Amino acid sequence: MDGTINSTIIFESPIFTAPVYGTTTMGDILWFFIILVIAVIIAKLVSLNLSRFLKDRVRKNDLNLISKAAYWVIFSIGFLIALPYLEVDLSGILVAGGVVGIIIGFAAQSVVANLISGIFLIFEQPLKIGENVLIEDTHIIVEDIRIFSTIGKTFDGIYVRIPNEKIFTTTITNYVANTARRFEYNVEIRYQDDAARAIKIIEALIEEEPFCLKNPGPSVYVDELASDGVIIKTRMWAPSEVWWDIRTTMLWKIKSALEADGMEIPFPQRTVWINPDVGDKPQTTLPSTHQTKPAPQKDRCCKPSVQPHIGRKDQYSTTPYNGPDEPGKG
Amino acid sequence: MYGRYEIPFEYSDDTISLSITEDGDFFRYTRQITDDRSVQKTLLTSQNAVVTVNPIEPVNLPKNITQYLEIEFPPLLIEPDGKKVIYLLFPIEIGVIVFGNKKMEAVDIFSFCPQKYSLYGPSGGGVITKYYASDIFSSPPESDRYCTGVLRLEIHNKTLEWANIGRTVLDGYSMKIYYGPYVSMLAHMRILTPTTAETEFIRNPTASEFQKAVEVYHTLNIPSINRTFLMEWGY
C-alpha cells in the first residue's frame, strides 16, 4: 500500500456496501451528497459569473432574480440526478412533474415568454436606456429594461410599459443606435430664381453649421421641376445626439438665407381659362389681357387669376401659370 | 493670456478681456470678446483658489459630443517602412480652469476657431469627430496661438506597400498640449495595414521653453501604458 489509500477499496469496504435503509448503502448516501455539493458549487459559480456579466446590463432587482433562478435550476438538476442513489423512483415524480409542468406552462405562458424575451433582449441589446425608439406604433424614450417588460416615456411624458415578448417579436426602429443619421428637406423656389445660386447658398449654410457633418457630406441638387416651382433636395448628416435640434433649425435658416438673396418660396398657383368661343388660347385669357400694369409676382402667386365665366360650363380647362416673368407672357 | 493667476485677477488685450473680481462673498468671472456678448459666472470659493488659462483638448465646443479630433490634410504618400515628420495645424479651445481644495473645474471654455464635426467610419459603429482641415508643413508653421496650434506628427509606415494618408484621428483623452511661443502637440501615427493605423500622443514638449497645459480630460496616469486610438476605417 506504501502509505497511499486506494479510494476504490474504501468504497468497496463493508461500511459502504452494507445496506442501511432498504437496498440503499452508505456509499449511495455519500454519492448523493457528493453530487449535491458539486451541484451547489456549479450553481454558485454560474450564478456569480452571471451576476458579474449582467452587472451593467440589468437592474439590480432583475439581476438578483436571474442569478437566483440560475442557482436553483442548476441545484434542482443536481438534486434530480442524485435522487436515484437513495432508491427514489423518479418516474412517478417525472409524470407528476410533467402534468404540473403542462398546467403551469399553459397558465404562465405569457410570463415565461416575457421572461425569456427579456433575457434575450438583455443579451442582444437592440435598445438601451435613454434611446429614442419606435416599437410597433409606439414612439418612446427607453427608461428601463426589466426582466418582464420595458418601461418608456412618450414625448408627451406618458408612461408606457411594453411586455418584452412584444418587443422581441416586433420591429424595433432605433433612431439613435447609429452614430449619425441623415435628414432631408425639399426646398422649393420659383422658376425664375437661380437654382445654382440657391444650391450654393444652401451648401454654404450647411458648411457653417458645426453639427452638419463634413463627412458624409451634404447633398444638394435640383430634384424636381414641379408645378409651382423648382424643388431642391437638401440632404445632410448630423450626429444622432443632436439630430433633432439641427433638423428643426436648419430649414428656417435656409428659408431666411434664400429670401435674403431675393429668392422666394412659391405658393401653389393655378390659372383657369374659360374661353368657349375662341378656343383655348392663353393670349386671350391670361391676366395680360388686363389693361392695368401686371402686379408683382408675389401678389400674383398668392391669388390664382380666374377669368370670368363666359359661355358653356363644360368648356374650360386648367394649366399651370408661372407668373408674369414667364417668357412670352404678361 | 495663457498662464496661472491667483484670484482676483484681470487680463485684457486687443481681442479679449478676462477677469475674476471680488463681489462681497462671491467672485464674478467675466469674459468679454470684442463685439461679442460677455459671459459671466459666479464662483463660490475662497481666496486660495487659483485659475489657469490655457489651451485644452479641442473637443468640447460647441457641445461635448465627442472625444476625438480628426485632422484632414492633402493626401500624401509614404514609402514602405518610411518614417517622416509632418506638421499640421489643429484648432484650439481655451479653458479657464479653477483649482480649489485640490480639485479643478473648467469655469469657461471658448474658441476663436470655426467649429465643425465629422464622422469617422460608418454611421453604425463609427465615431463622431471634431473636424479640422489643415495644410501639410515641413516645419512648424506660423500660427495664431489663440486660434490654432501646431501638431508634430511622426508617421511610420510599417507596411510593405506605399501608404496614401489623408487624415489622422486622435483621442482627446490622451492629448498632451504644450504652450510657449506657440501651442503644440506631438503625436505618432503608425500605419499598420493598408486600412488601419494607430495614433498616440507623445508626452514631451517640442522644446524646454514649452509649458504643459492643464488637461480637462483625464485618464489614469500610468506611465508605462499609453492610450492609443486605432484608426480601423482607413486613413
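**Quick notes on the overall build of chain B**
Regarding its fold elements, chain B presents 0 helices and 19 strands. Taking 235 residues into account, the globule formula puts the C-alpha radius of gyration at 18 Å, and chain B, at 19 Å, falls close to it. Referenced to the eigenvectors of the C-alpha coordinate spread, the extents of chain B come out at roughly 70 × 40 × 35 Å. Out of the 235 residues belonging to chain B, those deemed buried represent 34%. A separation of at least 24 residues holds for 71% of the contacts in chain B among residues at least 6 apart in sequence.

**Structural notes on the overall build of chain A**
Secondary structure summary: chain A contains 11 helices and 12 strands in total. Per-residue burial over chain A gives 19% buried out of 330 residues. Relative to all contacts within chain A whose residues are 6 or more apart in sequence, the contacts with residues 24 or more apart total 66%.

**Remarks on the sheet that holds strand β7 (residues 68-78) of chain B**
Residue and element names in this part refer to chain B. Across the sheet, which stays open at both edges, the 4 strands sit in the order β11-β12-β7-β14 with mixed pairing between neighbours. Of all the strands in the sheet, the pair left with one neighbour each is β11 (117-120) and β14 (163-171). Mean inter-strand twist for the sheet, computed between neighbouring axes without regard to direction, equals 45 degrees. In terms of strand pairing, β11 meets strand β12 (residues 127-133) through 4 bridges, oriented antiparallel. Of the residues in β12, the one forming a bridge with Ser118 is Thr129.

**Here's the deal with the confidence of the model for chain B**
Mean pLDDT for chain B: 89, with 96% of residues reaching 70 or above. The complex prediction reports pTM at 0.71, with the ipTM value standing at 0.88.

**Details of the sheet that holds strand β6 (residues 50-56) of chain B**
Residue and element names in this part refer to chain B. The 4 strands are arranged β1-β6-β9-β10 in an open sheet whose pairing can be described as antiparallel. Sheet topology places β1 (3-6) and β10 (103-110) at the edges, where each strand pairs with a single neighbour. This sheet shows a mean twist of 25 degrees between the axes of neighbouring strands, independent of strand direction. With 7 bridges joining them, strand β9 (residues 93-100) and β10 adopt antiparallel strand pairing. Among the inter-strand pairings, Gly95 is bridged to a residue of β10, identified as Ile109.

**Description of the packing of helix α8 (residues 195-208) of chain A against helix α9 (residues 243-260) of chain A**
Residue and element names in this part refer to chain A. Between α8 and α9, the shortest axis-to-axis distance is 10 Å and the interhelical angle comes to 135 degrees. What the angle tells us is that α8 and α9 run oblique. As for how α8 packs across α9, the hand of that crossing is right-handed. In this structure, α8 uses Ala198, Ile201, Ile202 and Leu205 to contact α9, whose residues at the interface are Lys253, Ile254, Ala257 and Leu258.

**Comments concerning helix α6 (residues 109-124) of chain A**
Side chains that are three or four residues apart share a direction in an α-helix, a result of its 3.6 residues per turn. Residues and elements named next belong to chain A. Under the 1.5 Å per step criterion, the end-to-end length of α6 is 22 Å for 16 residues, consistent within 8% with the ideal 22 Å. Here α6 has its buried residues at Asn114, Ser117, Gly118 and Leu121. Down the axis of α6, the sector holding all buried residues measures 110 degrees, keeping them to one side. Every exposed residue of α6 that faces more than 90 degrees away from the buried side is listed here: Gln109 and Phe123. If you follow the buried residues of α6, they end up packed against β4 (138-145), β5 (149-153), β6 (159-163) and α7 (164-169). Just beyond α6, the residue with positive phi is Gln125, at close to 50 degrees.

**Let's talk about the packing of helix α3 (residues 26-54) of chain A against helix α4 (residues 60-82) of chain A**
Residues and elements named next belong to chain A. It is at 8 Å that the axes of α3 and α4 come closest, and there the two elements cross at 160 degrees. Considering the angle they form, α3 stands roughly antiparallel to α4. For the crossing formed where α3 meets α4, the hand is right-handed.

**Quick look at the environment of Asp81(B)**
Residue and element names in this part refer to chain B. Topologically, Asp81 is positioned in the loop between β7 and β8 (83-91). For the pair Asp81 and Ile136, spaced 55 residues apart in sequence, the C-alpha separation works out to 20 Å. Beyond its immediate stretch of four places on either side in the chain, Asp81 contacts Asn157 and Lys158.

**Here we look at the pairing of strand β19 (residues 228-231) of chain B**
Residues and elements named next belong to chain B. Where burial is concerned, the two faces of β19 differ: the one with Phe229 and Met231 is buried and the one with Thr228 and Leu230 is not. In this structure, strand β17 (residues 197-201) lies alongside β19, joined through 4 bridges in antiparallel fashion. Bridging across to β19, Thr199 finds its partner in Phe229.

**Considerations on α4(A)**
Given a rise of 1.5 Å per residue, 23 residues ought to cover 33 Å, and the 33 Å separating the end C-alpha atoms of α4(A) matches this to within 8%. Within α4(A), the full set of buried residues consists of Leu63(A), Ile66(A), Ser67(A), Tyr71(A) and Ala82(A).

Reading the values: the criteria
Residues numbered from 1 in each chain as written. Chains lettered and ligands numbered in written order. Predicted model: local features only at pLDDT ≥ 70, side-chain atom pairs only at ≥ 80, totals over all residues. Helix = DSSP H or I, 4+ residues; strand = E, 2+ residues; numbered from the N terminus. Rg over C-alpha atoms; globule rule 2.2 N^0.38 Å. Buried ≥ 20, exposed ≤ 12 C-beta atoms within 10 Å, placed from the backbone. Contact = placed C-beta atoms within 7 Å. Pairing = 2+ DSSP bridges. Axes fitted to C-alpha atoms, helices over the stretch in contact; angles between N-to-C directions. pLDDT = per-residue confidence, 0-100. Parallel < 35°, antiparallel > 145°, perpendicular 65-115°, else oblique. Left-handed = near helix turned anticlockwise from the far one by under 90°. Expected span 1.5 Å × (residues − 1). Arc of directions from axis to C-beta.

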